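Spelled out from the first residue to the last, the chains are:
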Amino acid sequence: MSALDPRDTGSDAGTHTDTAPTPGTGPRVDMAKTAPPAGTGGVLGRTYRALSVGIVSVVLLIAFEATAVGTAMPVAARELHGIPLYAYAFSAYFTTSLFAMVLSGQWADRRGPLGPLAAGMSSFVAGLLLCGTAGSMWVFVAGRAVQGLGGGLVIVALYVVISRAYPERLQPSILAAFAASWVIPSVVGPLAAGSVTEHLGWRWVFVGIPALVVFPLALALPAIRRRASGPADPAAPVEPYDRRRILLALGISLGAALLQYAGQQRNWFALLPAAAGFALLVPAVRGLLPPGTIRAARGLPAVVLLRGVAAGSFIAAESFVPLMLVTQRGLSPTMAGFSLAAGGGTWALGSYVQSRPRLEPYRERLMVGGMVLVAAAIAAAPSVLLDWVPVWTVAVAWAFGCFGMGMVIASTSVLLLKLSAPEEAGANSAALQISDGLSNVLLLAAGGAAFAALGGGAVGAVHEAVEAGASGSHPGAFAVVFLPMAGVALVGAWVAARVRAR
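Residues numbered from 1 in each chain as written. Predicted model: local features only at pLDDT ≥ 70, side-chain atom pairs only at ≥ 80, totals over all residues. Heavy atoms only, no water.

Caption draft 1: Fine view of the overall build of the protein. Along the protein, the regular secondary structure elements total 20 helices and zero strands. For the protein, the exposed area adds up to about 19,600 Å²; of that, 68% sits on carbon and sulfur atoms. (Helix = DSSP H or I, 4+ residues; strand = E, 2+ residues; numbered from the N terminus. Areas by Shrake-Rupley, 256 points an atom, 1.4 Å probe, with all protein chains shown as cover.)

Caption draft 2: Region of the structure containing the packing of helix α6 (residues 171–180) against helix α15 (residues 342–354). Between α6 and α15, the shortest axis-to-axis distance is 8 Å and the interhelical angle comes to 175°. With respect to α15, the axis of α6 lies roughly antiparallel. For the pair α6 and α15, the contacting residues are Pro172, Leu175, Ala176, Ala179 and Ala180 in the first and Trp347, Ala348, Ser351, Tyr352 and Gln354 in the second. Partitioning the contact of α6 with α15 into residue classes produces eight nonpolar, two polar and no charged. (Axes fitted to C-alpha atoms, helices over the stretch in contact; angles between N-to-C directions. Parallel < 35°, antiparallel > 145°, perpendicular 65-115°, else oblique. Contact = heavy atoms within 4.5 Å. Nonpolar A, V, L, I, M, F, W, Y, C, P; charged D, E, K, R; others polar.)

Caption draft 3: Geometry of the nonpolar core. With 138 residues, the main nonpolar core has Phe140, Tyr166 and Trp398 as its most contacted residues. A per-element tally of this core places helix α2 (residues 49–79) first, with 15 residues. Excluding anything up to four places from it in sequence, phenylalanine 140 contacts Met73, Ala76, Leu80, Ala89, Cys131, Ala134, Trp202 and Phe206. (Core = buried A, V, L, I, M, F, W, Y, C linked by side-chain atoms within 4.5 Å. Buried < 20%, exposed > 50% of the residue type's maximum accessible area, 1.4 Å probe, protein only.)

Caption draft 4: The arrangement of the side chain of threonine 96 in detail. Relative to the elements of secondary structure, threonine 96 occurs in helix α3 (residues 86–111). One polar contact links the side chain of threonine 96 to the main-chain carbonyl oxygen of alanine 145, over a distance of 2.8 Å. Beyond its immediate chain neighbours, meaning those up to four positions away, threonine 96 contacts Ala145, Gly148 and Leu149. (Polar contact = N/O pair within 3.5 Å; in protein donor to acceptor, adjacent residues only side chain to side chain.)

Caption draft 5: Up close: a nonpolar patch on the surface. On the surface, a cluster of nonpolar side chains totalling about 280 Å² of accessible area is made up of Leu44, Val53 and Phe215. Relative to the elements of secondary structure, phenylalanine 215 occurs in helix α9 (residues 214–227). (Patch = residues over 30% accessible without salt bridge, like charges linked within 9 Å, V, L, I, M, F, W, Y side chains within 5 Å. Salt bridge = Lys/Arg side-chain N within 4 Å of Asp/Glu carboxyl O.)

Caption draft 6: Quick look at the packing of aromatic side chains. This model, assessed by the stated rule, comprises five aromatic pairs. Where phenylalanine 314 meets tryptophan 347, the ring centres are 6.0 Å apart and the plane angle is 75°; that geometry is what we call edge-to-face. Of this pair, phenylalanine 314 sits in helix α12 (residues 300–318) while tryptophan 347 is found in helix α15, placing the two residues 33 residues apart along the sequence. Both residues of the pair, phenylalanine 314 and tryptophan 347, count as buried. (Phe/Tyr/Trp six-rings, centres within 6.5 Å; stacked < 30°, edge-to-face > 60°.)

Caption draft 7: Looking closely at the pattern of salt bridges. For the structure on display, the rule yields two salt bridges. The partner of arginine 307 in a salt bridge is aspartate 436, and the shortest N-O contact between them spans 3.1 Å. In this pair, arginine 307 is assigned in helix α12 and aspartate 436 in helix α18 (residues 425–453), connecting sequence segments 129 residues apart. The same class applies to arginine 307 as to aspartate 436, namely buried. Across the salt bridge formed by glutamate 360 and arginine 363, the nearest N and O atoms sit 2.7 Å from each other. Look at glutamate 360 and you get partly exposed, because its relative accessible area is 25%.

Caption draft 8: Highlighting helix α4 (residues 114–132). Between its first and last C-alpha atoms α4 spans 27 Å; for 19 residues at 1.5 Å apiece the expected length is 27 Å, and the two agree. Taken residue by residue, α4 has Leu114, Pro116, Leu117, Gly120, Met121, Ser123, Phe124, Val125, Gly127, Leu128, Cys131 and Gly132 as its buried positions. (Expected span 1.5 Å × (residues − 1).)

Caption draft 9: Spatial organisation of the packing of α12 against helix α20 (residues 475–496). The interhelical angle for the contact between α12 and α20, taken along N-to-C directions, is 160°, at an axis separation of 9 Å. As judged from the angle between their axes, α12 and α20 are roughly antiparallel. Taken as a pair, α12 and α20 cross one another with a handedness that is left-handed. Contact with α12, carried on its side by Ala302, Leu305, Leu306, Val309, Ser313, Ala316 and Ala317, involves Val481, Phe482, Met485, Val488, Ala489, Gly492, Val495 and Ala496 of α20 and no other residues of that element. Broken down by class, the residue content of the contact of α12 with α20 amounts to 13 nonpolar, two polar and no charged. (Left-handed = near helix turned anticlockwise from the far one by under 90°.)

Caption draft 10: Looking closely at unusual backbone geometry. The phi angle at alanine 296 is positive, at roughly 60°, despite the residue not being glycine. Position of alanine 296 relative to the elements: it lies in the loop between α11 (271–288) and α12.

Caption draft 11: Focus on the side chain of asparagine 428. The residue asparagine 428 is located in helix α18 in this model. One polar contact links asparagine 428 to serine 420, side chain to side chain, over a distance of 2.9 Å. Here asparagine 428 is in contact with Leu300, Leu416 and Ser420, once residues within four sequence places are set aside.

Caption draft 12: Representation of the confidence of the model for the protein in the model. Averaged over all residues, the pLDDT of the protein equals 76, while 78% of them reach at least 70. Considering each helix and strand of the protein separately, the mean pLDDT is smallest for helix α1 (residues 31–34), with a value of 38, and largest for helix α16 (residues 363–380), with 93. (pLDDT = per-residue confidence, 0-100.)

Caption draft 13: Representation of α15 within the structure. When the terminal C-alpha atoms of α15 are compared, their 19 Å separation across 13 residues agrees well with the 18 Å that a helix rising 1.5 Å per residue should span. All buried positions along α15 are accounted for by Gly343, Gly344, Thr346, Trp347, Ala348, Gly350, Ser351, Val353 and Gln354.

Caption draft 14: Representation of the environment of threonine 346 in the model. Within the fold, threonine 346 resides in helix α15. Taking the relative accessible area as the measure of exposure, threonine 346 reaches 19% and is therefore buried. Remark: the alpha-carbon pair of threonine 346 and glycine 404, spanning 58 residues in sequence, is separated by 8.5 Å. Residues contacting threonine 346, with those up to four places away along its chain left out, are Ala399, Cys402 and Phe403. From its side chain, threonine 346 meets the backbone oxygen of alanine 399 in a polar contact 2.8 Å long.

Caption draft 15: The environment of leucine 438, seen in detail. With respect to the helices and strands, leucine 438 occurs in helix α18. By relative accessible area, which is 6% here, leucine 438 ends up buried. For the pair leucine 438 and glycine 312, spaced 126 residues apart in sequence, the C-alpha separation works out to 8.0 Å. Contacts of leucine 438, omitting those with residues within four sequence positions, involve Phe94, Leu98, Ile252, Leu281 and Val285.

Here it is, written out as structure tokens:
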């Protein structure tokens, strides 16, 4: 599971507050767009209702697409005779989204979030239609790449919308709503997609979703135009795009693609693309993430690093849970998937808990506790490799792990917006998402390589193995994935203790 979610230096200077900064001390904030009228209530109050419903509906749509497409993908690959290219249908989306995140951050900071959000949704829909009408697997992969461009543009633009359109007191609530919008799709999406694929064909899963875009855009775009359009400081000259950052974004995308490719190979020649990938990634990471991120410097750098550590360790482990249950305990793929279904609800609950105003002074402790829960859940999952351990142990452990993730992921988003000046919200949001996405590919590549080395098979064959109900993987191949990821999550607990600057 992933959440489209999405902050304290001891001062609120440069953040969105209900008062304008003293002249000469910071960027001018357009009070008509940021200060709520008295008595407007919460995120569903009269002032924010259309905007909240609109952007949450956008997240709901993307969440449904993410859960539904995964169900239809194996059938699509078989019919297009593209099983050897199956993994690229996922990596194409991921690599192009990394580049789009940086572009969206610069675009939103300079022109406002309306442009990248509209362009992103258009690209997302175009990619879906290209996939749904593809006559070959390569065209399908190209459609996924176009989708990735749209997804990267949208996710960063939504952060900027929250930063500009909502006062700080409401930002945790709208982020909690983002997390909650994944609950229904995580349960209904695979079942609905499976039914559509079986009775109408896999293409309808892709070409049917664009029709759902009209409603959220009709609500969100006019509200964003009123409350969050234009640059953060309309009086300041518009700076040119940072070409160096855009080139670094290209480097990080290409480097991630090379690492993904190398992780799926099992020969010495894979060292060449792996080395080239790291050579591209090192300068790109140093240039795109806040200084001090790698060493977990207090404040914003630690927040960005924590996002990557949490997301990477959890997603890398979660990717192997269904395969482990199918191959080692004999569950059907459907039942294996249902073992993770409760996580959608507990993730939303964790996000809701962190949004309570009375818990704000304890946010750092909540994040530390959340990472401890994540580490415990990952460590407990491979216990089902022992025959005498009930299979429902994974479902219970993962529910607690998702609760911890809900608190951590939403809190990193809240802290990032609090620590970002209005004109920096886009770039910093892009850095947060880059940390998230890049850690996924690095830890998945490492876990997949270890899994293959102990007889588990190539990472690119995981979905095919689950679909076929294959068996025979050595239990140690799973343990060597889960236990190191639990250690990474424990490191995240230490990073979480550094998110507040002293």
